[in-house]
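Chain by chain, the residues run as shown.
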Amino acid sequence: MSEETETRMIMIAPTSDLTPDQLSRFIHQLGYNITIKETCYGANIEGDKDLVHKVIQEVRRLDPNRIFTKVRAYPIGDERRCRAHHGSRPGFNQMEKEWMDLPLIEAGLCAVEAGEACPEKSPSKKLSVKKLMEIAKENII
Amino acid sequence: MKIFIVPPNSLILYDLVERFGHQPLSIMGTLREKVTEREMEAPPLNVTLDDVMKGLKYAGIEVPSGVRGRLAVWGPLIDEAEAAIIVNDTPFTFGCVGCHRTNLMLMHLIRKKKIPLIELDYPHDEEEGKIMVSKIKKFLEELK
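Keep in mind it's a predicted model, so treat the numbers as computed, not measured.

Asker: How would you sum up the overall build of chain B? Please name residues and give values.
Answerer: Scanning chain B from terminus to terminus reveals six helices and four strands. When its helices and strands are written in sequence order, chain B yields β-α-β-α-α-α-β-α-β-α. For chain B, buried positions account for 38% of its 144 residues. For chain B, the share of sequence-separated contacts (at least 6 apart) that also reach a separation of at least 24 residues comes to 58%.

Asker: Hey, could you go over the interface of chain B and chain A for me, with residue numbers and the actual values?
Answerer: Reports often express the size of an interface as the amount of accessible area lost when the parts come together. Tallying the contact residues gives 34 residues for chain B and 29 residues for chain A. Elements that contribute at least two residues to the side of chain B that touches chain A include exactly α1 (11-19), α2 (27-37) and α6 (126-143) of chain B. The biggest single contributor to the side of chain B that touches chain A is α6(B), with 10 residues. Tallied by class, residues from the side of chain B that touches chain A come to 18 nonpolar, eight polar and eight charged.

Asker: Quick rundown of the confidence of the model for chain B? Include the residues and the values.
Answerer: In this model, chain B carries an average pLDDT of 85, and 89% of its residues clear a pLDDT of 70 or more. In the model output, the complex is listed with pTM 0.87 alongside ipTM 0.86.

Asker: Describe the nonpolar core, naming the residues involved and giving the relevant values.
Answerer: Membership of the largest hydrophobic core comes to 57 residues, with the highest contact counts inside it found for A:I10, A:I45, B:I3, B:F4, B:I5 and B:A84. Sequence-distant contacts of A:I45, defined by excluding residues within four places in its chain, comprise A:R8, A:I10, A:I27, A:I34, A:T35, A:I36, A:V52 and A:V55.

Asker: Any details on the environment of B:K137? Residues and values, ideally.
Answerer: Secondary-structure assignment places B:K137 in helix α6. Given 18 C-beta atoms within a 10 Å radius, B:K137 is considered partly exposed. Sequence separation of B:K137 and B:I85 is 52 residues, and the distance between their C-alpha atoms is 11 Å. With residues up to four places along the chain from it excluded, the contact list for B:K137 reads A:V112 and B:F20.

Cut-offs applied
- Residues numbered from 1 in each chain as written.
- Chains lettered and ligands numbered in written order.
- Predicted model: local features only at pLDDT ≥ 70, side-chain atom pairs only at ≥ 80, totals over all residues.
- Helix = DSSP H or I, 4+ residues; strand = E, 2+ residues; numbered from the N terminus.
- Buried ≥ 20, exposed ≤ 12 C-beta atoms within 10 Å, placed from the backbone.
- Contact = placed C-beta atoms within 7 Å.
- Nonpolar A, V, L, I, M, F, W, Y, C, P; charged D, E, K, R; others polar.
- pLDDT = per-residue confidence, 0-100.
- Core = buried A, V, L, I, M, F, W, Y, C linked by C-beta atoms within 7 Å.

Structure (C-alpha cells):
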C-alpha cells in the first residue's frame, strides 16, 4: 500500500436526516477513483490522500455540523478488523460513546457558528451534611 | 500546528482540530504504518522488541512492557506535538487506549513538555457541549 493512501471513517450524527445509504450513493456519484464501504454509522472511504480529502470536503457540505470524520488505521476489509472475518473491534466502545455525544458537539458547533457566547458553568455545589441528614430522615413509602 | 489529542483515537477531537485548521496527531496515523508495512498478527496488542526498547525513552525499565509498548507508539507523537488537547472523564477503560497507567504517564509527559495545553471534560448536556466546542475553537485560534 502506498504511503499516500488514506482510509477515512465518516460518521453521521444520530440527529442527522442523512442515512449511510444516501451518503455512500453521494460519494459514488462524485466519480472519484476511491473505495467506498457503507457501514452502520456512515461510510469508510479509502484511496489517494488528496482524493480522500476532496471527498471529505464535498461530504461535509451535505450536513456540515452533523458529519464527522477521522483517519482509520486499518484498510477497508482488513481481516484483522472486518466483521465478515470475525475481526475484533477493540475501538468500538470509544466510537459508540462518541457517536452518542455527537449531538452535543453539533449544538456546540452551531453555537460557535452563530457567535453565541458560551459562559463557563458554575461548578456544582457539594451536598451539605444537613441536607444529607434531611434526605436520610425522609419517610419513603 | 500539530496538535496531540487525548484520548489519542478520539473522533470528536480529530474532527474538531482538523475543522479549525490544524493537524491532529493521533494513534490511527501511526498505527496505519504498523499495520500496513510490517508483518504483525494483531497490532496494537502485539509489540515488537524494538517498540519496547523505544519505550525506554519515555518510561523506566521497571515499567510493565505493555506501558512501554504503548508509549513507543504515543511517545514520538508527544515529541512532535506543538500543542495538546486533553479530554478527561472518559467512561471507557477498555481496548487499546484502556490502560490507565499509560494514560497517566501520557498526561504527565504532555504536562512536562510545557506546550500550550487545554484540559476539558466530555460533555453531558448541550450546554457543556457548547462550552467544550467554544473553548477548543478559542484555544486553536489563539495558536495560529
